[in-house]
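Residue-level structure breakdown
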Amino acid sequence: MSTVETPRSPYARTKPSGTNWEKWGWMYMRASGVVLVVLIFGHLFVNMVAGEGVRGIDFAFVAGKWASPFWQVWDLLMLWLALIHGANGMRTIINDYSSSPALGKVLRFAVFASAAVLIVLGTLVIFTFDPCPSVSPEQFDLLPSFCPPQ
């Protein structure tokens, strides 16, 4: 008994079109994680180990740090990378566990909207922070001691 074999069509892999966002999200998580480890441990060293330690952290300490563009950029990078890293991680969790596509879309929008708001507010705080604002003479005693008289 002979069987007739039908020829199989050869499998042809199609080239994916568009950007592979999952791949770029995966790569971002790894790269930002490494950079965040350096930024966070540097932040902890400067704030907790160097100088007076925890006792030395007060309004004047933060004002002195943010007077330097280096520390502004350091804290800005830490803020942006951490918030985007966290939002991307939440996006992954939502993709894995959301029960319906509509719910997933709403949750992803909420995560990205909250991350965007926090990034904008944090950036504004870092770059518009003024430890010595203009005040009336009767309120001058409320300012930190390092502010010059007005």
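Coordinates for the structure precede this section.
So, here is what we can say about the structure in this document. Please read these numbers as outputs of a predicted model, since none were measured by experiment.

What counts and what doesn't
- Residues numbered from 1 in each chain as written.
- Predicted model: local features only at pLDDT ≥ 70, side-chain atom pairs only at ≥ 80, totals over all residues.
- Heavy atoms only, no water.
- Helix = DSSP H or I, 4+ residues; strand = E, 2+ residues; numbered from the N terminus.
- Expected span 1.5 Å × (residues − 1).
- Buried < 20%, exposed > 50% of the residue type's maximum accessible area, 1.4 Å probe, protein only.
- Contact = heavy atoms within 4.5 Å.
- Phe/Tyr/Trp six-rings, centres within 6.5 Å; stacked < 30°, edge-to-face > 60°.
- Axes fitted to C-alpha atoms, helices over the stretch in contact; angles between N-to-C directions.
- Parallel < 35°, antiparallel > 145°, perpendicular 65-115°, else oblique.

1. Looking at helix H4 (residues 101-128)
Taking 1.5 Å of rise per residue, 28 residues should cover 40 Å, and H4 covers 40 Å from first to last C-alpha, within 8% of that figure. Within H4 the residues assigned to the buried category are Gly104, Val111, Ala115, Ile119, Gly122, Thr123 and Ile126. Packed against the buried residues of H4 are helix H3 (69-97).

2. Quick word on the packing of aromatic side chains
By the definition in use, this model includes four aromatic pairs. Measuring from centroid to centroid gives 5.4 Å for Trp71 and Trp74, while their planes differ by 55°, and the two rings are tilted. Here Trp74 and Trp71 lie together in helix H3, a separation of three residues that amounts to about one turn. By the burial criterion, Trp71 is buried, and Trp74 matches it.

3. Some details on the packing of H3 against H4
Their axes nearest at 10 Å, the elements H3 and H4 cross at an angle of 175°. Relative to H4, the element H3 is oriented roughly antiparallel. Residues Gln72, Asp75, Leu76, Leu79, Trp80, Leu83, Ile84, Ala87, Met90, Arg91, Ile94 and Asn95 of H3 pack against Gly104, Leu107, Arg108, Val111, Phe112, Ala115, Leu118, Ile119, Gly122, Thr123, Ile126 and Phe127 of H4.

These values are about where atoms sit, not about what they do.
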